[in-house]
Structure formats: C-alpha cells, structure tokens
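Coordinate inspection notes
Each chain, written out:
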Number of protein chains: 4
Amino acid sequence: MYFTSDNWAGVHPKIGENLSRHSDGFAKPYGASPLDREIQDRFSEIFERDVAVFFVATGTAANALAVTVYDRPGGVALCHEEAHLIADECGAPEYFTGGGRLHSLPGPLGRIDTADLERQLQWFPNDALHAGQPTVVSLTQTTEIGTLYQIADIARVSAICREHGVALHMDGARFANALAALDASPADMTWRAGVDALSFGATKNGCWCAEALVLFDPDQARQMPFLRKRAGQLFSKSRFVSAQFEAYLKDGLWLEIAAHSNDRAGELAQVVSQSKRLRLAWQPQANEVFAVVDSKDAQELRDNGVHFADWVPPSSMDNKPGNQEILIRMVTSFATTDDDIKKFAALVA
Amino acid sequence: MYFTSDNWAGVHPKIGENLSRHSDGFAKPYGASPLDREIQDRFSEIFERDVAVFFVATGTAANALAVTVYDRPGGVALCHEEAHLIADECGAPEYFTGGGRLHSLPGPLGRIDTADLERQLQWFPNDALHAGQPTVVSLTQTTEIGTLYQIADIARVSAICREHGVALHMDGARFANALAALDASPADMTWRAGVDALSFGATKNGCWCAEALVLFDPDQARQMPFLRKRAGQLFSKSRFVSAQFEAYLKDGLWLEIAAHSNDRAGELAQVVSQSKRLRLAWQPQANEVFAVVDSKDAQELRDNGVHFADWVPPSSMDNKPGNQEILIRMVTSFATTDDDIKKFAALVA
Amino acid sequence: MYFTSDNWAGVHPKIGENLSRHSDGFAKPYGASPLDREIQDRFSEIFERDVAVFFVATGTAANALAVTVYDRPGGVALCHEEAHLIADECGAPEYFTGGGRLHSLPGPLGRIDTADLERQLQWFPNDALHAGQPTVVSLTQTTEIGTLYQIADIARVSAICREHGVALHMDGARFANALAALDASPADMTWRAGVDALSFGATKNGCWCAEALVLFDPDQARQMPFLRKRAGQLFSKSRFVSAQFEAYLKDGLWLEIAAHSNDRAGELAQVVSQSKRLRLAWQPQANEVFAVVDSKDAQELRDNGVHFADWVPPSSMDNKPGNQEILIRMVTSFATTDDDIKKFAALVA
Amino acid sequence: MYFTSDNWAGVHPKIGENLSRHSDGFAKPYGASPLDREIQDRFSEIFERDVAVFFVATGTAANALAVTVYDRPGGVALCHEEAHLIADECGAPEYFTGGGRLHSLPGPLGRIDTADLERQLQWFPNDALHAGQPTVVSLTQTTEIGTLYQIADIARVSAICREHGVALHMDGARFANALAALDASPADMTWRAGVDALSFGATKNGCWCAEALVLFDPDQARQMPFLRKRAGQLFSKSRFVSAQFEAYLKDGLWLEIAAHSNDRAGELAQVVSQSKRLRLAWQPQANEVFAVVDSKDAQELRDNGVHFADWVPPSSMDNKPGNQEILIRMVTSFATTDDDIKKFAALVA
C-alpha cells in the first residue's frame, strides 16, 4: 500500500507505450519537431484558445519560471503559506527571479483568504519604493492539502489581482485531479476565471517527466524561450516529453486517470471516517487524504506495509493532533488499486 | 541522411527497453530509490573512486551548476571561445552563478592554448579586487569541433589550474566518444589527469534524457543537493533517468555506441577527403566531421536529403571557406547506418 | 518641529568640520589611505578585539551584504516581521544573495520571540532539501519601533542561533542610541553576546553618509572585499567616510549625540503621556516615540508645523488605534532642541 | 607629484564649501528635498531636455545599473576589452543584472572598432536562442586610456546600435574632461549622437562622492527607483550629493576644472615628448598621459616622489614596451599644479 505520494508510482502503460512508439527515427531537437508542434497545438485546443506552452523538467521549474515572467525589481509574489512554491522549492522562485520575494498568506484549508490578500495588497502603496512591488499571486489547485478552489473562488482571487495590477498564477501540479473533481473545463478553471499562467503538471498523474508552463497570453511569452534556455530547462530531445503528453491528452486519458485516483481517495476517506483508529483531518476533495492517527497505530500501519507521509499540521488546522497523535497524508494515483483500499480497510477496521 | 546533430536521433533500443522494464511498481522519488542508489554506485565503479553524481535535465544545467560549485564573488570562469558554455547556453553559467563571468580563450582546433591560459591567469593578481578572481577552467572533450585533448593535454591544463588555485571542469557532452577515440579509461581521462568536475552527457549518445554532473571530490558536493533543487533540476521520478543509465553503462553499451558513431564519422571523413566537391575543414577525431563545400553543392546535398548544420568558421581556422563556400558540420550517432554513409558517398562522388 | 525621521537632520558640526579638514591633499583611494587604516584600527579598539570593517553607502547595503556573507544555496534568513531588512529594503537582501529568502518572525514590541524562533528553526530538518537551509538571524537594535533588546535578550537569541548553526546579525542603524540607552559597551552588546556581524549606522546619528558592516570574526570576511566591490559599494574617495567616522568616534561624540537624542525623546514621551490629546503607543526606550492620536488632532499638529511619520500599527500591538485614530512616529536627533520639545508641549497641552 | 589617479585628490574648495553650507537644517530624505529636485532640474537644463537622474554611490554602480536597465534574459552587453565595466568592476554588471554577459570588443586606442561591432552584432541571429540576445553597447568617454571618441564616432556606434535594436550607454567617469577637450555641449556628445544612458561621473573631477546615472528617455526610467533602492544605492541624506552637484554645475565650474586638468595633462605630455627618458605611448586627448619608460628610470622617478600607475599594455598597442621597459599612466586633476609639472619636467629633463 504505497500512499506516500503520487510520485512514487511509475508510468501509466499507455504513456510508456507511446514513448516507446516514438523512440526511433530522427527529429528536430529543442521543441521544433512535428510532434512537439502538434502537442503545442493540442494544448491550445484543450484550453480553447491560443496558448504558449513550455516544457520544463520539474514542477519547481514551471512555478519558478512563472514567477519570473511577471517579476520586476523589488518584486513580491504572494502565495499561501503552505504552497509548494514557498515550502518545498528550496528558494527556487527567489533564485530564478534573481532576488524576488515570496510573501506567505495564511488561510484555512490550504486556500488563500481573499480578505487577507486584499489587505496585503493594499499595504503596498503605489508610490512606495521601500516595500517593493507585488507582481503575481500564486494559488495551488488542488491545494497542498488536497482541497479545492471552486471556480468562483478563483475568480474572486483574480478580481483582487486585476484591481491591484498583479498577475495570477496557478500551480497545477495536480491540475487534472482538480478538473476531474470539479468536472470543469480547463478553460473555465483557468483563463476564463482570470488565471494568467499555469504550471501544468502531468508527472504525478501517470507520466515519467512531463511538466509544462502554460501562458494564456502568448504576448507575455516573448522572453520565455530565453528564460527557459538560460535556466537549463530546454530539453534537446524534447519529443520524449511530447510523446508522453500525446498519450496523456488523447481520448481523455489524463482525466480518466485523475478520476480513478480521486475515486480511490474517496474510498480511502470513507474507510478512515468509518475507522475508530483514525479520523479525517478535513474532508478530502481530490486524491489526497489527511488523517489524524495515534502514533502507535501509525507505527502498526507502517509495520503492516502501509506507506504514508508524516505531515506538519497546518497552522490554521482545527482540531489539531493531540499529544500522542500525528497527522499523516495518503495519496492515490493511477497505480492505486481496489485491492490496496481493501487491504488498508482491513487493517484499520 | 540525418547528420545535423546527434541529438536528432531517438533512443537506443536497449535503453528504451530498460526504461519500459522499470515503468511500473513504486519507488522513492528524488533519487532515493534503490535503482538510483545502484546507479550512483555504478558511477563510482566506473571512475574507480568515490564520486558524487547528480542527475540534471540538460547539459547546459550540468555545465552551469559545475561553474556554480566553484564560483566566488567576482568569479571568472575561463573556457575556449567556442565552448558550449559561452557560445550556446544563453548565459546559463552567468545566471546560475548569479553573476559570475565567463572569459573566453582563443586556441586552434577547439582546444585551449595553454600558453594563453597561463598568461590570462597571471593577469589576475592575487590581491586585486577590481579584476575579479578566476575560479574554474572548463574544457570540452570532445571539443565543439570534434577534436580531442590527449590525456597529456588535459594534464597540462590541470597543472596550470593547480598552480593558480582554480578548479578544472570537463564538459563531456560527448564524453563516451572521447573515451572510445582515445581508448582511455574514464578515470585516466578525468580525475587522474586533474579534472575536478565532469558534465557526463549521455543524451547525445543514445539516451532520451540522461545528463549528470559528476564531482570527483565528494566533499566539494555538500551544497550540490541544494544547488540542484533550487535550480529546478531535481527530478521526482528520478528512476526514469537511472533506468537509462543502467542500460547505458551495462556491458559497455555506452562505449560500443560511441565507437560505432566514431567509426561512421571516420568513414564519412574518408568520403569527404576523397570527394572533389568537399574538403575536410580539419581532421575529425570523434563523431563530428566538418567540411568546406561550395554553397551550390551544399544546396544540392540538402535537396537530396542530406541534413547537416551550417557552422560559423572558428576564428583560428586555417584555410577558411572562400567566397562561395560554407563550412558544414555532420554528426553521427548510434542511429547512423552504413547505408547512410554509402548514400552520401554516392552523392558526393 | 521635525520629528519625521532622524535622517531629516543634516550633519553634526564637528563631523562636518572634520570632513572639511580632510578635504585637500592626496590620498590612496579604495580604503588604502592612512586615515582609512586608522579608522579601521579605531573600530577594533572600540570593540576590544580585531574586527573587519567595510564602509558602504547605505544601511540597506550593510544589511544585505551581511546576509550575503552567511548565505548558502536555498538559504533562509530570519528576522522580525517589522525589520527594515524585510519591510523597507525593496528586496535588497534577496537580491544581494541572488535569491536567498527572508522569513519573517512575529513578536511583541518589535522583538523576535525566542520561543517562536526556536520553533521555526526546528522546522528545518538537517537533511531536508526542499525547505531550504537557515543561515542567519537578524535582529534590530534599537528595534524598528524604538524598543530595546536587553543584553540578556541578545544572548538568548544567539544561544538559539548557535544551537542551530546559524549566524547572528545585528542591524544597528541606531546602534549608538541603543548603547547610550543601555549604558553598555559596544563589545558587550555585540560579540560578547554572540553577535557575528553588525550593520554599524552613523548616518542617522549625525553623519552625512557613514555606514559600515563590521564582522567580528575577520576570517569570515575574506570574500567581503569582492562582495562589496561587486555590489558597487566601494567608495574611491573612501577617506570622506573615514573623516566622518574620525570625528564621530572621537572623545565619545557618537554616544553624546545618541544620549542627547534619547533624552529629547524621553522628554517628548513625557509630554505625550501628560497630554490628553495623545497617548503613548508603548514605552519608548531610545530616540523614537510612537503615539496614538485622533486624526483631526494629527492634522492640527501638521498645520502647526509638527512633522511626523504615519505608521502602520504592528500586528502585535496592544491597544490599537481606534476608528478615528492614527499611529504616529516621532524621532529625535542631534538637531532636536529643547525648544522643539517645548513648542510641541505647548501645542498638545 | 601625485599622478596615480584623479581619485587621489580631495574635494575642490568650492564644492567642499557648498557641502558645509548645506550641513544644517532639516530636509526630506531619499532625493525628495527641494535641493535634490532643483539639481534634477539642473541636469535637464544642462542636457537641453527632460532627463531622469539617479544619484548612486560609485561609477561601478552607475555602469552596472545602466546595463541592468536594458538587460533581458540571456542578455549580452558589449564593450571595449579595456572598459572599466569589464576590466575593473569585479563582475558588477553581471551581478547587478543577475547573470547578464559582458562581451569584450577589441579596438585600437581604447575605442570600439565599428566594423568589429557590426560583425559581432550580426553574429546574433534574431531567432537564435542559444547565443543570447545583445541588449546594450557601452562606450567610455574619455576612454580608459585617455583618448576620445569624436562626436561623429559616437554617432557611428549609435547607428549600428539602432540598426540592431540595442541601446547605447556612455561611461562618463571622465565626462567633463571629454566635453572640455571636444568643446562640445553635453547634449551633442550624448543623446543627440544617439546615447541612451550616461554614467555621469563627478567624483574624479573634484567631488567627494557624486555619481549619477542619467537616462535620456525618462520613460525607460520607470523601474530605476526600484533598481537603485534594491541595490542599496539610495542615499538617505541625498542632499549631500546634491550639494556637491550644485557647486559643481554652477557657473561652469565642472568644465573649468576639467579644462584645468586637461591642460596640465597636455603640459605633462609635452614634457614627456621632449624627454629622452620617456616616450609617449600614444597621444593623450584629455587628462591622462601614458608613457613608456625604462624600469630603472621608473624607479628613480618613484624615489623622487613621482606617483604614477603601472599599466598593462593594451593588446592593440603599437610600439609596445621593450624588455626593460614598462608602461605608466599619469593623471591630472583640479589639484595638479604648474609646480607639479615643473618639478616633473626637471626630473626627466
């Protein structure tokens, strides 16, 4: 039972097969092959408008480059205090921008609190040099703790961004899981709701290595080829990323995988809520389940082959773990089976 | 006849198969899986000493991180004026270091001229602040124009580096081709000759995406995990790189591929030297052949399906292209066949 | 009545005269003149140990370079949420480090809360890459809101720093005011209490432009000449800074000025506490007085020639300004006279 | 006889007096005082158009910020191989830009060779990512070796810049000396000849510390306040710089001082050309005289109290120093007297 993270899984068979299918022959490097161009068009199709797509090696790179696109001297990017951007990227956004600042925002259930965002942005006067200038807000969908922004929530954040002249970025490391959970269209959940840039993650959802930065206004992408190349993020054999995306985006495979993962997580959540040995930390909305468990029980689970991650309780968490308790995270993926859930259910019954 | 670059080829079948073989199951991410650790040990075995190995997305990233490891404030890295580092990386080394300088060195046949290197390094007085401080010399093996440093050449460069307290980096984008051409051991061509850091490229030699930075003194690698993560270069599903390296390094496959490429290039060179329509720009030593050809003939070749790259003549080139002539580059790879060479020979006969 | 900031004042007559005294003749530039060397020795004398002193143009530069000295990849510097470093330097510390992060710490009365500091530092596990690595804590003495750390407070912060292997920096933009208020020796308030680096500000206390970064362990200063030069902070006619420091540090002038300013602030505080139209926001401890005042009264003060600064209430402030009230800051300097205080007293009586 | 550099001199009496005159009273900091604003207007008057003026601490900062204003990702700034920017600023331009590149251009007598500039700029194809993108050309007036660009020369450089879409910066560390030597107007020698940005140096010409970056198109200056503040280059007591400029620019004092220095250098050159013990390295055109002298004679001069700088012979120098000879630089300033020249003449007669 491997629930530690969705990045412990390998590659979805259809994606692996497609990679093999494209393994021979000659093709132009650096994103100029016919397959590369086809996939770029495919993104525009999926998003129902012309978009600029840039493959990169990691979600960290996608996020950090997104912040960089909008950075200015003394730039301040704002994100939730639990965002991957600020909590898990070893300073990449500050580094890629050459010294931009990340400002963390509190907020319950992993979501930016719009009242607080408004207050923070008002704090930067237009003419004040000393405080720096806000440039971009980043929200994570699904959030770091497996919750969701409804589309109206995103629109509310974006309205505040517009008012203050800052851009809106979405960290979509689990973008497909959010789409599947909300049953929304990619366009509705992004640019139609005011999102300017999207880190489009596919690695966690069944690829080997397929991450892209999507800019909804191609005009803003003019410097991106230089930004990406300079960051050592331009693959020569770019088609190996395109081959993954080709299969991923074909016939809705990506949403199918995401729905599978979300469903397994739903089942896991039900198991937890029915168990006397664990309690749900909060209601999961996609493919991550957070639970509070007695330390001894946690150890017993580990001893019985359940892999999960220990998690630092969010500062805004209601009903925090008690003295002998810990918070754990369990994540599902394409590779999670019914059997995994059943075995787990048996253990915690 | 695809001779434009070795990065136009796909993946060698054995490497592709191994990637497929590792496509399912669960494994720890970020380089912590058993396979990842095995490959790290394999590198130490190959280099006959403990080495620190860091997978990255691109050769540009490996080079730029290598320069960063040795950088200091006001740092100056020195490399040949045709080095990839300075000519083809869009400023990545300066960017990764946060403002280090690259200083270019002239030199015939793509090699650093040691007398000039000595002169340049002497120019930086120990106590002079204003000029900055030299930190690392980078040489490319095989060079950008398909020539080689003999091991004694490398030792000569490294002796100068030692004397001036600067480190020595080798850009080994075509490392295997050099090894095969010199019939040298990896240890002899690197740390035993005084090399401190190596960009170990495998992508051009039959992988999809397999690049590593190798530091021969693991003590110098302490900050590397942070440097790599911060640069967005830490793959989550790291095993997909390891799986490539596993096959690549098994039973000498990497050297076999390199020898194949070098042999095809040798045949190509012979064809060129026997043709009246082209002349060798200089004697090739690995898998790249540079030729001077009349513009009209070049067009005819293109029309007949020969793909090659136009090349800016090196400033030190003897016997430069005449008015109606151009310099072209032809590169061979695992995917170059006898048939390709024969067809080409027929065209230029 | 100019109370907006101590940087509205000009130059203290004795300092101005000394600058004039050194205005002719020839001297080595870049800190190599006899006067420059003499002042460097004077700093060692004052601090009762060998120190490395680097003049820079601004307090922002001193702070940002201090953070840079201790930075490592993925580095995180911690400071109070109101610190100049994070609130008023337009991202200079992140910029100078090339992407280090500043992490803000809450704490009442402008001081770092040691329990919170301990908690934050424990959060960075030694082996965790993703969160980055803490490098330095910066405290401000006197704080941004005119309060003080007692020497024991500083020692407590430094003990936590030592335990976690991070350095301790003191932003001493108003260093002399703190010394005068605590009647402490420079050594006791800094390195003897565990401070590694000090931004030694003299501009606010009667100089034109005299700021220095002092490193108590000269070994840590080896790269500083390069760091400073590269940052465009190495004055050619360095003696014009030295000339200011010569007068400043002679016969205790600096402490005399600071005591004068502190005394005037004490009187101002008494006037405020006796007035019915203002109330002290908190007890001032050096040369800054914060008061809460009705907006209309504030306007009346302005109309009567009182200059002061509007201030955003600290998040930890007890007894925050009410609806029609604002928080104001009044700062005294060498140029504040008894008469200024009397006139102000008459206005608010 | 202090000829080592014009930065060995102190402050011109009129400038020092004006600084004293402004030493008391209260004034808004950070460039917002009436005097600061007056001086900003004065610059516009002198340049016969609206200009944006930013005081900074050093010429290095002015140059590095100028490059930064025009930088883009993968940006390449081009300058003469002897330019201060590349030879004497410890990497500041690369650092301030966060990784821009400096590309050096050869050229006789310290001047950029326009044919070579043209060739270099053509080398960067518009669509080529890998080489980076040229952003700005910097020329030094007077050059590092005391020669001049005629106004037509500047216009020729700027025409090439325009054609390739790159900006033109002038490093005017000795701007007044060039103006005096050419008897040109500030407007004619800068923006009317196509210069976009000017490092306006006054420190070497009689000030303590008075350097400014002048942008001729104020629209390009929008981010400059942030760039300057973030670089720790925003003086709080800005009026102490303004006070220097007030006197400097009043009644043509700056040009008077420059003419004085140039005249003394002319006399020095004549002495050299008439001496049998030295020869002019090239014809001086402003306030710097370069001479070739026998090592023993050089030592004798030193022993007799002549201070001068040893100089590395430019690579393009005709008639290089012989085996026992060295190249020396002698610089004059407002503080150089007739008597200095006479004493020197007596020594070398």
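Residues numbered from 1 in each chain as written. Chains lettered and ligands numbered in written order. Predicted model: local features only at pLDDT ≥ 70, side-chain atom pairs only at ≥ 80, totals over all residues. Heavy atoms only, no water.

Tallying secondary structure elements over chain A gives 14 helices and 11 strands in all. For chain A, the spread of C-alpha atoms along the principal axes amounts to about 55 × 55 × 30 Å. Residues counted as buried form 66% of the 349 residues belonging to chain A. Taking contacts inside chain A between residues at least 6 apart in sequence as the whole, the part at least 24 apart equals 76%. Working note: accessible area of chain A is about 12,000 Å², and carbon and sulfur atoms make up 47% of it. If you average the places of the 32 positive and of the 45 negative side-chain charges in chain A, the two averages end up 3 Å apart. (Helix = DSSP H or I, 4+ residues; strand = E, 2+ residues; numbered from the N terminus. Buried < 20%, exposed > 50% of the residue type's maximum accessible area, 1.4 Å probe, protein only. Contact = heavy atoms within 4.5 Å. Areas by Shrake-Rupley, 256 points an atom, 1.4 Å probe, with all protein chains shown as cover. Lys, Arg positive; Asp, Glu negative; His and termini not counted. Charge placed at Lys NZ, Arg CZ, Asp CG, Glu CD.)

Residues and elements named next belong to chain D. Burial of strand 4 (residues 133-140) is extensive: eight of the eight residues sit out of reach of the surface. For strand 2 (residues 75-80) and strand 4, the ladder comprises five bridges, and the chain directions are parallel. Following the sheet pairing, cysteine 79 is matched in strand 4 by serine 138. Here five bridges tie strand 4 to strand 5 (residues 167-172), and the two strands are oriented parallel to one another. Pairing of threonine 140 across the sheet is with aspartate 171, part of strand 5. Once you follow strand 4 into helix 7 (residues 151-163) and on to strand 5, the crossover reads as right-handed. (Pairing = 2+ DSSP bridges. Right-handed = clockwise from strand over helix to strand, strands pointing away.)

For the rest of this paragraph, the subject is the interface of chain B and chain A. Between chain B and chain A, the residue contacts involve 49 residues of the former and 49 residues of the latter. Linking chain B with chain A are zero salt bridges. Counting residues per element, the ones that place at least two in the side of chain B that touches chain A are helix 1 (13-21), helix 3 (59-70), helix 5 (92-97), helix 10 (224-230) and helix 11 (239-249) of chain B. Ranked by the residues each element gives to the side of chain B that touches chain A, the list is headed by helix 5 of chain B, at four residues. Split by residue class, the side of chain B that touches chain A holds 24 nonpolar, 17 polar and eight charged. (Salt bridge = Lys/Arg side-chain N within 4 Å of Asp/Glu carboxyl O. Nonpolar A, V, L, I, M, F, W, Y, C, P; charged D, E, K, R; others polar.)

Looking at where A:Ala258 falls in the secondary structure, it is placed in helix 12 (residues 253-274). When sequence neighbours within four positions are dropped, the list of residues in contact with A:Ala258 reads A:Ala176, A:Asn177, A:Ala180 and A:Asn205.

Before going further, it helps to spend a moment on empty space enclosed by the protein. With the rule as written, the count across this model stands at 12 cavities of 30 Å³ or more. Space inside the largest cavity adds up to approximately 280 Å³. Around the largest cavity sit 25 residues that line it, and C:Ser236, D:Thr58, D:Gly59, D:Thr60 and D:Lys204 are the ones nearest its centre. Taken together, the elements giving at least two residues each to the lining of the largest cavity come down to helix 3 (59-70) and strand 6 (197-201) of chain D. If one sorts the elements of the lining of the largest cavity by residue count, helix 3 of chain D sits on top with three residues. Among the residues making up the lining of the largest cavity, the classes are represented as eight nonpolar, 11 polar and six charged. In this structure, the second largest cavity encloses a volume near 250 Å³. Here the lining of the second largest cavity takes three residues from helix 3 (residues 59-70) of chain A, the largest share from any one element. Here the lining of the second largest cavity is built from residues that sort into eight nonpolar, nine polar and six charged. (1 Å grid on protein atoms, 1.4 Å probe; cavity = no way out; pocket = protein on both sides within 12 Å on 5 of 7 lines; lining within 4 Å. Points joined across faces, edges and corners; volume = space filled by probe spheres on them.)

Here the focus is the packing of helix 1 (residues 13-21) of chain D against helix 11 (residues 239-249) of chain D. Residues and elements named next belong to chain D. The geometry of helix 1 relative to helix 11 is characterised by a closest axis approach of 8 Å and an angle of 135° between their N-to-C directions. As judged from the angle between their axes, helix 1 and helix 11 are oblique. Handedness of the crossing formed by helix 1 with helix 11: right-handed. Every residue of helix 11 that contacts helix 1 at Lys14, Ile15, Asn18, Leu19 and Arg21 is listed here: Phe240, Ala243, Gln244, Glu246, Ala247 and Tyr248. Of the residues in the contact of helix 1 with helix 11, the class split is six nonpolar, two polar and three charged. (Axes fitted to C-alpha atoms, helices over the stretch in contact; angles between N-to-C directions. Parallel < 35°, antiparallel > 145°, perpendicular 65-115°, else oblique. Left-handed = near helix turned anticlockwise from the far one by under 90°.)

We now examine the pattern of salt bridges. The tally for this structure, following the rule as stated, stands at 68 salt bridges over all chains. With its nearest N and O atoms 2.8 Å apart, the salt bridge here joins A:Glu300 to A:Arg277. You can see A:Glu300 sitting in helix 13 (residues 295-303) and its partner A:Arg277 sitting in the loop between helix 12 and strand 8 (278-280), a full 23 residues away along the chain. The exposure class of A:Glu300 is partly exposed, given its relative accessible area of 36%. Two residues, D:Asp188 and D:Arg192, come together in a salt bridge whose shortest N-O distance is 2.8 Å. A residue is classified by how much of its surface remains accessible, and D:Arg192, at 42% relative accessible area, is partly exposed. Bridged by salt links that share partners, the residues A:Asp6, A:Arg174, A:Glu288 and A:Arg329 form one connected network.

Further remarks concern the domain arrangement of chain A. Residues and elements named next belong to chain A. Taken as a whole, chain A is organised into domain 1 (12-253) and domain 2 (258-348). Computed over C-alpha atoms, the centres of domain 1 and domain 2 are 28 Å apart. Across the boundary between the two partners, domain 1 contributes 23 residues, which contact 19 residues of domain 2. Summing both sides of the interface, domain 1 and domain 2 together bury roughly 1,500 Å²; the carbon and sulfur share of this comes to 50%. Counting the surface domain 1 buries against domain 2, the share from its top three residues, Ile145, Arg174 and Asn177, is 30%. The interface formed by domain 1 and domain 2 holds one salt bridge in total. Note that glutamate 288 and arginine 174 form a salt bridge whose closest N and O atoms lie 3.4 Å from each other. Where domain 1 packs against domain 2, one counts 10 residue pairs in polar contact (both at pLDDT 80 or more). Examining the composition of the side of domain 1 that touches domain 2, we find that four residues originate from one element, helix 8 (residues 175-182), more than from any other. (Domains from an automatic or database assignment. Buried area = accessible area lost by both parts, 1.4 Å probe. Polar contact = N/O pair within 3.5 Å; in protein donor to acceptor, adjacent residues only side chain to side chain.)

Let's shift gears to the interface of chain D and chain C. The interface is formed by 49 residues belonging to chain D together with 49 residues belonging to chain C. Each partner contributes to the roughly 4,300 Å² buried at the junction of chain D and chain C, and carbon and sulfur atoms together form 63% of this total. For the interface between chain D and chain C, the tally reads zero salt bridges. Taken together, chain D and chain C are joined by 31 residue pairs in polar contact (both at pLDDT 80 or more). Elements represented by at least two residues in the side of chain D that touches chain C include exactly helix 1, helix 3, helix 5 (92-97), helix 10 (224-230) and helix 11 of chain D. It is helix 5 of chain D that provides the largest number of residues to the side of chain D that touches chain C, a total of four residues. Looking at the side of chain D that touches chain C residue by residue, the class counts come to 24 nonpolar, 17 polar and eight charged.

Moving on, we get to the relation of the copies chain B and chain A. Overlaying chain B on chain A yields an RMSD of 0.0 Å, the required transformation being a rotation through 180° with an accompanying axial translation of 0.0 Å. The relationship between the two copies is best expressed as a two-fold rotation axis. If distances are taken from each C-alpha of chain B to the rotation axis, the shortest is found for B:Ala57, at 3.1 Å. (Least-squares fit on C-alpha atoms with pLDDT ≥ 70 in both.)

Moving on, we come to the relation of the copies chain D and chain C. When chain D is fitted onto chain C, the two copies agree to an RMSD of 0.0 Å after a turn of 180° and an axial shift of 0.0 Å. In this assembly the copies share their binding face: 100% of the residues contributing to the interface of chain D also contribute to that of chain C.

Right, let's talk about the sheet that holds strand 2 (residues 75-80) of chain A for a bit. Residue and element names in this part refer to chain A. Pairing in this open sheet of seven strands is mixed, and the strands run 1-7-6-5-4-2-3 from one edge to the other. Strand pairing shows two members of the sheet lacking a second neighbour, strand 1 (52-56) and strand 3 (101-105), which therefore form its edges. Sheet twist, expressed as the mean angle between neighbouring strand axes with direction ignored, is 20°. Contacts from helix 7 (residues 151-163) reach strand 4 (133-140) and strand 5 (167-172) within the one sheet, and its direction differs from that of strand 5 by about 145°.

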